[in-house]
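Residues per chain, in single letters:
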Amino acid sequence: MSAGDERTTDGPIYRPTERAGLGAPPYAPPGPRGPSERVAWTPPEYAPPAPRHPVDAGPVPPRPRFDPGPPFGPGVVTPPPPAETRKGENRRWAVGATFALVVLLAGVVAYQAVRIEQLGDRLAASERTQADDRAAVAGRLDGLDGRAADLEKKAGAAFNPEAISSAALPSVFRVASGDVTGTAFAVGKQAGGKTNLITNFHVVEGVYDGGGREVFLERAGKRYPATIVSVNRGGDVAHLRTSTKINGLVTAKGGVKSGQPVVVVGAPLGLSDSVTTGVVSAVRELPDSNGPMIQFDAPINPGNSGGPVINSAKQVVGIATAKAQNAEGIGLAVPIKVACDAFKIC
(Lines give C-alpha, C1' and ligand atoms only; values in the text may rest on other atoms or scores of the structure.)
Protein backbone atom coordinates (compact mmCIF):
# COMPACT_ATOMS: atom_id res chain seq x y z
CA MET A 1 0.00 0.00 0.00
CA SER A 2 1.35 3.46 -0.91
CA ALA A 3 1.73 6.40 1.38
CA GLY A 4 -1.47 7.89 0.07
CA ASP A 5 -3.71 4.98 0.77
CA GLU A 6 -6.03 5.38 3.70
CA ARG A 7 -8.34 3.14 5.61
CA THR A 8 -11.20 4.31 7.66
CA THR A 9 -12.33 2.77 10.95
CA ASP A 10 -14.55 3.72 13.72
CA GLY A 11 -11.53 4.77 15.87
CA PRO A 12 -8.96 7.48 15.69
CA ILE A 13 -6.87 7.91 12.60
CA TYR A 14 -3.20 6.77 12.64
CA ARG A 15 -0.79 7.59 9.93
CA PRO A 16 2.25 5.51 10.59
CA THR A 17 3.96 6.41 7.39
CA GLU A 18 7.32 6.71 9.10
CA ARG A 19 9.05 4.71 11.87
CA ALA A 20 9.64 6.28 15.18
CA GLY A 21 13.02 7.86 15.36
CA LEU A 22 13.18 8.27 11.56
CA GLY A 23 11.47 11.58 11.14
CA ALA A 24 7.99 10.66 12.28
CA PRO A 25 5.70 13.55 13.24
CA PRO A 26 5.04 14.08 16.85
CA TYR A 27 2.28 12.10 18.38
CA ALA A 28 -1.06 13.85 18.50
CA PRO A 29 -3.89 12.34 20.41
CA PRO A 30 -6.93 11.66 18.39
CA GLY A 31 -9.90 13.91 18.66
CA PRO A 32 -13.45 12.91 18.97
CA ARG A 33 -15.06 11.27 16.09
CA GLY A 34 -18.50 11.07 14.88
CA PRO A 35 -20.41 8.31 13.40
CA SER A 36 -19.75 9.48 9.89
CA GLU A 37 -16.13 9.89 10.24
CA ARG A 38 -13.91 7.49 8.39
CA VAL A 39 -10.41 6.76 9.43
CA ALA A 40 -7.82 6.24 6.77
CA TRP A 41 -5.09 3.62 7.57
CA THR A 42 -1.97 3.18 5.62
CA PRO A 43 0.14 0.04 6.29
CA PRO A 44 3.77 0.73 6.89
CA GLU A 45 6.46 -0.33 4.53
CA TYR A 46 8.93 -2.91 5.71
CA ALA A 47 12.24 -1.61 6.81
CA PRO A 48 15.07 -3.69 8.32
CA PRO A 49 15.55 -3.28 12.03
CA ALA A 50 18.10 -0.82 13.20
CA PRO A 51 21.31 -2.38 14.46
CA ARG A 52 21.54 -2.78 18.18
CA HIS A 53 25.25 -1.93 18.22
CA PRO A 54 26.99 1.12 16.87
CA VAL A 55 27.73 0.95 13.19
CA ASP A 56 31.44 0.94 13.73
CA ALA A 57 31.35 -2.03 16.15
CA GLY A 58 32.05 -4.50 13.41
CA PRO A 59 30.13 -7.62 12.34
CA VAL A 60 28.08 -9.49 14.87
CA PRO A 61 29.41 -13.02 15.46
CA PRO A 62 27.05 -15.75 14.34
CA ARG A 63 25.00 -17.48 17.00
CA PRO A 64 25.78 -21.17 17.61
CA ARG A 65 23.49 -23.53 15.84
CA PHE A 66 21.73 -26.29 17.80
CA ASP A 67 22.54 -29.75 16.49
CA PRO A 68 19.80 -32.21 17.46
CA GLY A 69 22.00 -35.17 16.49
CA PRO A 70 21.07 -38.04 14.26
CA PRO A 71 17.42 -38.50 13.59
CA PHE A 72 15.50 -41.25 15.31
CA GLY A 73 12.46 -43.09 14.19
CA PRO A 74 11.31 -45.94 12.07
CA GLY A 75 13.63 -46.82 9.28
CA VAL A 76 16.55 -44.85 10.76
CA VAL A 77 19.66 -46.97 11.49
CA THR A 78 21.78 -45.84 14.44
CA PRO A 79 25.45 -46.27 13.66
CA PRO A 80 27.41 -48.54 16.07
CA PRO A 81 29.61 -46.94 18.67
CA PRO A 82 33.31 -46.77 17.99
CA ALA A 83 35.41 -49.93 18.53
CA GLU A 84 37.23 -48.41 21.51
CA THR A 85 33.89 -47.75 23.21
CA ARG A 86 32.80 -51.34 22.64
CA LYS A 87 36.08 -52.65 24.08
CA GLY A 88 35.64 -50.51 27.16
CA GLU A 89 32.10 -51.73 27.62
CA ASN A 90 33.24 -55.37 27.20
CA ARG A 91 35.96 -54.85 29.79
CA ARG A 92 33.50 -53.32 32.22
CA TRP A 93 31.08 -56.22 31.64
CA ALA A 94 33.87 -58.80 32.18
CA VAL A 95 35.00 -57.07 35.38
CA GLY A 96 31.43 -56.95 36.65
CA ALA A 97 30.83 -60.62 35.81
CA THR A 98 34.12 -61.62 37.47
CA PHE A 99 33.25 -59.66 40.57
CA ALA A 100 29.79 -61.26 40.71
CA LEU A 101 31.36 -64.71 40.30
CA VAL A 102 33.87 -63.99 43.06
CA VAL A 103 31.07 -62.84 45.35
CA LEU A 104 29.07 -65.96 44.52
CA LEU A 105 32.03 -68.26 45.16
CA ALA A 106 32.78 -66.47 48.42
CA GLY A 107 29.19 -67.00 49.49
CA VAL A 108 29.37 -70.69 48.58
CA VAL A 109 32.65 -71.09 50.48
CA ALA A 110 31.22 -69.32 53.52
CA TYR A 111 28.11 -71.51 53.41
CA GLN A 112 30.20 -74.66 53.12
CA ALA A 113 32.39 -73.51 56.01
CA VAL A 114 29.33 -72.98 58.16
CA ARG A 115 27.96 -76.39 57.16
CA ILE A 116 31.30 -78.07 57.91
CA GLU A 117 31.43 -76.40 61.30
CA GLN A 118 27.88 -77.53 62.02
CA LEU A 119 28.73 -81.08 60.94
CA GLY A 120 31.86 -80.97 63.12
CA ASP A 121 29.76 -79.89 66.09
CA ARG A 122 27.26 -82.66 65.40
CA LEU A 123 30.07 -85.23 65.06
CA ALA A 124 31.63 -84.07 68.32
CA ALA A 125 28.25 -84.26 70.04
CA SER A 126 27.69 -87.73 68.61
CA GLU A 127 31.12 -88.87 69.81
CA ARG A 128 30.42 -87.47 73.26
CA THR A 129 27.08 -89.27 73.29
CA GLN A 130 28.73 -92.53 72.21
CA ALA A 131 31.42 -92.11 74.87
CA ASP A 132 28.74 -91.53 77.49
CA ASP A 133 26.85 -94.58 76.24
CA ARG A 134 30.00 -96.70 76.35
CA ALA A 135 30.74 -95.47 79.85
CA ALA A 136 27.18 -96.27 80.89
CA VAL A 137 27.41 -99.73 79.31
CA ALA A 138 30.77 -100.33 80.99
CA GLY A 139 29.25 -99.26 84.28
CA ARG A 140 26.33 -101.60 83.76
CA LEU A 141 28.70 -104.44 82.83
CA ASP A 142 30.76 -103.76 85.94
CA GLY A 143 27.56 -103.83 87.93
CA LEU A 144 26.57 -107.10 86.30
CA ASP A 145 30.01 -108.56 87.00
CA GLY A 146 29.68 -107.54 90.60
CA ARG A 147 26.22 -109.06 90.79
CA ALA A 148 27.46 -112.25 89.12
CA ALA A 149 30.28 -112.46 91.65
CA ASP A 150 27.78 -111.93 94.45
CA LEU A 151 25.53 -114.62 93.00
CA GLU A 152 28.45 -117.02 92.71
CA LYS A 153 29.43 -116.26 96.24
CA LYS A 154 25.88 -116.78 97.41
CA ALA A 155 25.62 -119.96 95.36
CA GLY A 156 28.81 -121.20 96.94
CA ALA A 157 27.51 -120.24 100.35
CA ALA A 158 24.22 -122.03 99.66
CA PHE A 159 24.97 -125.51 100.93
CA ASN A 160 22.83 -128.14 99.20
CA PRO A 161 23.72 -131.68 100.36
CA GLU A 162 21.18 -133.25 98.01
CA ALA A 163 22.70 -131.64 94.90
CA ILE A 164 26.21 -132.49 96.08
CA SER A 165 25.28 -136.12 96.74
CA SER A 166 23.53 -136.49 93.38
CA ALA A 167 26.65 -135.24 91.60
CA ALA A 168 29.12 -137.32 93.64
CA LEU A 169 27.48 -140.73 94.15
CA PRO A 170 28.00 -142.10 90.57
CA SER A 171 31.77 -141.63 91.04
CA VAL A 172 32.08 -143.31 94.48
CA PHE A 173 32.52 -147.10 94.95
CA ARG A 174 32.96 -149.60 97.75
CA VAL A 175 36.38 -151.28 97.62
CA ALA A 176 36.86 -154.97 98.45
CA SER A 177 40.53 -155.59 99.19
CA GLY A 178 40.83 -159.14 100.58
CA ASP A 179 38.83 -159.14 103.79
CA VAL A 180 38.95 -155.33 104.17
CA THR A 181 36.21 -153.02 102.94
CA GLY A 182 36.68 -149.36 102.26
CA THR A 183 35.76 -146.63 99.76
CA ALA A 184 37.35 -145.27 96.54
CA PHE A 185 36.34 -142.43 94.16
CA ALA A 186 37.23 -141.52 90.58
CA VAL A 187 39.11 -138.28 89.86
CA GLY A 188 40.18 -136.37 86.78
CA LYS A 189 39.65 -137.35 83.17
CA GLN A 190 40.00 -140.78 81.64
CA ALA A 191 43.40 -141.57 80.12
CA GLY A 192 43.78 -144.23 77.43
CA GLY A 193 40.33 -145.62 78.18
CA LYS A 194 41.27 -146.01 81.88
CA THR A 195 39.77 -144.38 84.97
CA ASN A 196 41.93 -143.25 87.89
CA LEU A 197 40.69 -143.64 91.46
CA ILE A 198 41.99 -142.67 94.93
CA THR A 199 41.64 -144.48 98.25
CA ASN A 200 43.55 -144.85 101.54
CA PHE A 201 46.67 -146.96 101.56
CA HIS A 202 45.55 -148.79 104.70
CA VAL A 203 42.49 -150.02 102.74
CA VAL A 204 44.67 -151.94 100.21
CA GLU A 205 47.68 -152.43 102.47
CA GLY A 206 47.09 -156.18 103.08
CA VAL A 207 46.80 -156.99 99.37
CA TYR A 208 49.69 -154.72 98.37
CA ASP A 209 52.08 -155.99 101.03
CA GLY A 210 51.07 -159.54 100.13
CA GLY A 211 52.26 -158.93 96.57
CA GLY A 212 48.79 -158.63 95.11
CA ARG A 213 47.73 -155.73 92.92
CA GLU A 214 44.09 -156.47 92.20
CA VAL A 215 41.10 -155.19 94.15
CA PHE A 216 37.42 -154.89 93.26
CA LEU A 217 35.04 -151.97 92.96
CA GLU A 218 31.46 -152.71 93.97
CA ARG A 219 28.32 -150.71 93.50
CA ALA A 220 24.62 -151.48 92.97
CA GLY A 221 25.30 -155.24 92.86
CA LYS A 222 28.04 -154.88 90.23
CA ARG A 223 31.74 -155.70 90.62
CA TYR A 224 34.60 -154.18 88.61
CA PRO A 225 38.30 -155.16 88.85
CA ALA A 226 40.84 -152.43 89.58
CA THR A 227 44.63 -152.41 89.81
CA ILE A 228 46.81 -150.85 92.50
CA VAL A 229 49.10 -148.59 90.49
CA SER A 230 51.10 -146.89 93.24
CA VAL A 231 50.92 -146.05 96.93
CA ASN A 232 52.14 -143.34 99.36
CA ARG A 233 52.55 -144.87 102.79
CA GLY A 234 53.44 -141.65 104.58
CA GLY A 235 50.41 -139.84 103.18
CA ASP A 236 48.17 -142.93 103.57
CA VAL A 237 46.95 -142.72 99.97
CA ALA A 238 46.83 -145.19 97.06
CA HIS A 239 46.28 -144.89 93.30
CA LEU A 240 43.90 -147.39 91.62
CA ARG A 241 43.04 -147.78 87.94
CA THR A 242 40.20 -149.58 86.15
CA SER A 243 39.10 -150.04 82.57
CA THR A 244 35.52 -149.24 83.56
CA LYS A 245 34.44 -145.78 82.38
CA ILE A 246 33.59 -143.60 85.38
CA ASN A 247 33.12 -139.84 85.53
CA GLY A 248 35.80 -138.29 87.73
CA LEU A 249 35.12 -135.74 90.49
CA VAL A 250 36.68 -132.28 90.48
CA THR A 251 39.35 -131.60 93.09
CA ALA A 252 39.74 -128.29 94.94
CA LYS A 253 42.85 -126.23 94.23
CA GLY A 254 42.86 -124.35 97.50
CA GLY A 255 42.63 -125.35 101.11
CA VAL A 256 39.72 -125.31 103.54
CA LYS A 257 38.72 -123.04 106.40
CA SER A 258 37.04 -123.75 109.68
CA GLY A 259 33.28 -123.55 109.49
CA GLN A 260 32.97 -124.59 105.85
CA PRO A 261 30.16 -127.14 105.31
CA VAL A 262 31.14 -130.52 103.86
CA VAL A 263 29.54 -133.75 102.67
CA VAL A 264 31.19 -137.15 103.27
CA VAL A 265 30.26 -140.03 100.93
CA GLY A 266 31.26 -143.65 101.63
CA ALA A 267 30.36 -147.18 102.54
CA PRO A 268 30.40 -147.36 106.36
CA LEU A 269 30.19 -150.98 107.51
CA GLY A 270 29.84 -151.90 103.87
CA LEU A 271 26.73 -149.78 103.32
CA SER A 272 27.30 -148.23 99.90
CA ASP A 273 26.15 -144.71 98.92
CA SER A 274 26.01 -143.43 102.49
CA VAL A 275 26.05 -139.61 102.89
CA THR A 276 26.74 -137.56 106.03
CA THR A 277 27.16 -133.81 106.47
CA GLY A 278 29.08 -131.53 108.80
CA VAL A 279 31.53 -128.65 108.87
CA VAL A 280 35.28 -128.32 108.92
CA SER A 281 36.26 -128.09 112.57
CA ALA A 282 39.93 -127.27 112.07
CA VAL A 283 43.06 -127.93 110.05
CA ARG A 284 45.69 -129.22 112.41
CA GLU A 285 48.94 -131.18 112.75
CA LEU A 286 48.73 -134.54 114.55
CA PRO A 287 51.62 -136.33 116.28
CA ASP A 288 51.49 -139.44 114.10
CA SER A 289 50.70 -137.68 110.75
CA ASN A 290 53.14 -136.58 108.07
CA GLY A 291 51.34 -133.31 107.47
CA PRO A 292 48.29 -131.25 108.36
CA MET A 293 44.96 -133.05 108.65
CA ILE A 294 41.43 -131.80 108.14
CA GLN A 295 39.23 -132.21 111.18
CA PHE A 296 35.47 -132.33 110.55
CA ASP A 297 32.38 -133.25 112.58
CA ALA A 298 30.44 -135.34 110.00
CA PRO A 299 29.81 -138.86 111.35
CA ILE A 300 31.99 -141.60 109.83
CA ASN A 301 32.52 -145.27 110.61
CA PRO A 302 34.71 -148.15 109.44
CA GLY A 303 34.20 -148.46 105.69
CA ASN A 304 34.26 -144.68 105.14
CA SER A 305 38.05 -144.78 104.77
CA GLY A 306 39.08 -143.59 101.31
CA GLY A 307 35.80 -141.74 100.71
CA PRO A 308 35.67 -138.14 99.41
CA VAL A 309 35.06 -135.09 101.62
CA ILE A 310 33.26 -132.56 99.35
CA ASN A 311 32.64 -128.83 99.80
CA SER A 312 29.57 -126.78 98.78
CA ALA A 313 31.07 -126.18 95.29
CA LYS A 314 31.05 -129.98 94.64
CA GLN A 315 34.85 -130.14 94.84
CA VAL A 316 36.81 -132.80 96.72
CA VAL A 317 38.84 -131.20 99.54
CA GLY A 318 39.95 -134.30 101.43
CA ILE A 319 40.01 -138.12 101.81
CA ALA A 320 38.23 -139.50 104.90
CA THR A 321 40.82 -141.48 106.86
CA ALA A 322 39.96 -142.03 110.50
CA LYS A 323 37.83 -141.09 113.49
CA ALA A 324 38.64 -140.52 117.14
CA GLN A 325 38.12 -143.51 119.39
CA ASN A 326 35.70 -143.17 122.28
CA ALA A 327 34.49 -139.81 120.95
CA GLU A 328 31.86 -138.47 118.57
CA GLY A 329 32.07 -135.81 115.91
CA ILE A 330 35.82 -135.96 115.40
CA GLY A 331 36.72 -137.21 111.95
CA LEU A 332 40.00 -136.79 110.10
CA ALA A 333 40.79 -136.46 106.40
CA VAL A 334 43.98 -136.28 104.34
CA PRO A 335 44.02 -133.10 102.19
CA ILE A 336 43.38 -133.97 98.54
CA LYS A 337 46.54 -132.09 97.58
CA VAL A 338 48.64 -134.91 99.07
CA ALA A 339 47.26 -137.47 96.61
CA CYS A 340 47.27 -135.08 93.65
CA ASP A 341 50.93 -134.20 94.23
CA ALA A 342 51.93 -137.84 94.78
CA PHE A 343 50.19 -139.38 91.74
CA LYS A 344 49.71 -136.44 89.30
CA ILE A 345 46.24 -137.60 88.30
CA CYS A 346 44.00 -134.73 89.41
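Residues numbered from 1 in each chain as written. Predicted model: local features only at pLDDT ≥ 70, side-chain atom pairs only at ≥ 80, totals over all residues. Heavy atoms only, no water.

Participant: Even after reading the chapter, I still don't get helix α3 (residues 201-209), so can you show me in this structure?
Facilitator: Counting along an α-helix, one turn takes 3.6 residues, and residues three or four places apart therefore face a common direction. Those residues of α3 lying buried are Phe201, Val203, Val204 and Val207. Summarising the axial view, the buried residues of α3 lie within an arc of 135°, below the 170-degree limit, and thus occupy one face. The secondary structure elements touched by the buried residues of α3 are β1 (172-177), β2 (180-191), β3 (194-199), β4 (214-219), β5 (222-232) and β6 (237-242). Within two residues after α3, Gly211 carries a phi angle of roughly 90°, on the positive side. (Buried < 20%, exposed > 50% of the residue type's maximum accessible area, 1.4 Å probe, protein only. Helix = DSSP H or I, 4+ residues; strand = E, 2+ residues; numbered from the N terminus. Arc of directions from axis to C-beta. Contact = heavy atoms within 4.5 Å.)

Participant: How should I be thinking about empty space enclosed by the protein in this particular structure?
Facilitator: To find the voids left in a structure, one rolls a probe of water-molecule size over its atoms. With the rule as written, the count across this model stands at 2 cavities of 30 Å³ or more. One number sums up the size of the largest cavity: a volume of about 40 Å³. Along the walls of the largest cavity sit Val172, Phe173, Arg174, Thr183, Glu218, Arg219, Gly266, Ala267, Ser272 and Asp273, which together make up its complete lining. Of all the secondary-structure elements, those providing two or more residues to the lining of the largest cavity are β1 and β4. Of all the elements, β1 adds the most residues to the lining of the largest cavity, at 3 residues. Classifying every residue of the lining of the largest cavity by side-chain character gives 3 nonpolar, 3 polar and 4 charged. Around the second largest cavity, the lining residues are Ile164, Ala167, Ala168, Leu249, Ile310, Lys314 and Val316. The dominant element in the lining of the second largest cavity, judged by the number of residues it contributes, is helix α2 (residues 161-168), at 3 residues. Looking at the lining of the second largest cavity residue by residue, the class counts come to 6 nonpolar, no polar and 1 charged. (1 Å grid on protein atoms, 1.4 Å probe; cavity = no way out; pocket = protein on both sides within 12 Å on 5 of 7 lines; lining within 4 Å. Points joined across faces, edges and corners; volume = space filled by probe spheres on them. Nonpolar A, V, L, I, M, F, W, Y, C, P; charged D, E, K, R; others polar.)

Participant: Where do I start with the sheet that holds β1 in this structure?
Facilitator: Sheets are built from strands that pair by backbone hydrogen bonding, the pairs being arranged parallel or antiparallel. Pairing is antiparallel in the closed barrel, where 6 strands are placed in the order β1-β2-β3-β6-β5-β4. When the angles between neighbouring strand axes are averaged without regard to direction, this sheet yields 40°. Direction of pairing for β3 relative to β6: antiparallel, over a ladder of 5 bridges. The partner of Ile198 across the bridge, within β6, is His239. (Pairing = 2+ DSSP bridges. Axes fitted to C-alpha atoms, helices over the stretch in contact; angles between N-to-C directions.)

Participant: I would appreciate a short explanation of the layout of surface pockets in the present structure.
Facilitator: Taken as a whole, the largest pocket encloses approximately 380 Å³ of empty space. Lining the largest pocket are 19 residues, with Gly234, Ser289, Asn290, Met293 and Val334 sitting closest to its centre. Looking at the lining of the largest pocket residue by residue, the class counts come to 8 nonpolar, 6 polar and 5 charged.

Participant: How do you make sense of unusual backbone geometry when you look at a structure like this?
Facilitator: For residues besides glycine, phi is generally negative; the peptide bonds are generally trans as well. If you check the backbone angles, Ala220 has positive phi at about 55° while not being a glycine. With respect to the helices and strands, Ala220 occurs in the loop between β4 and β5. The backbone of Asp236 sits at a positive phi, close to 55°, despite the residue not being glycine. Within the element layout of this structure, Asp236 appears in the loop between β5 and β6. By relative accessible area, Asp236 is classed as buried at 16%.

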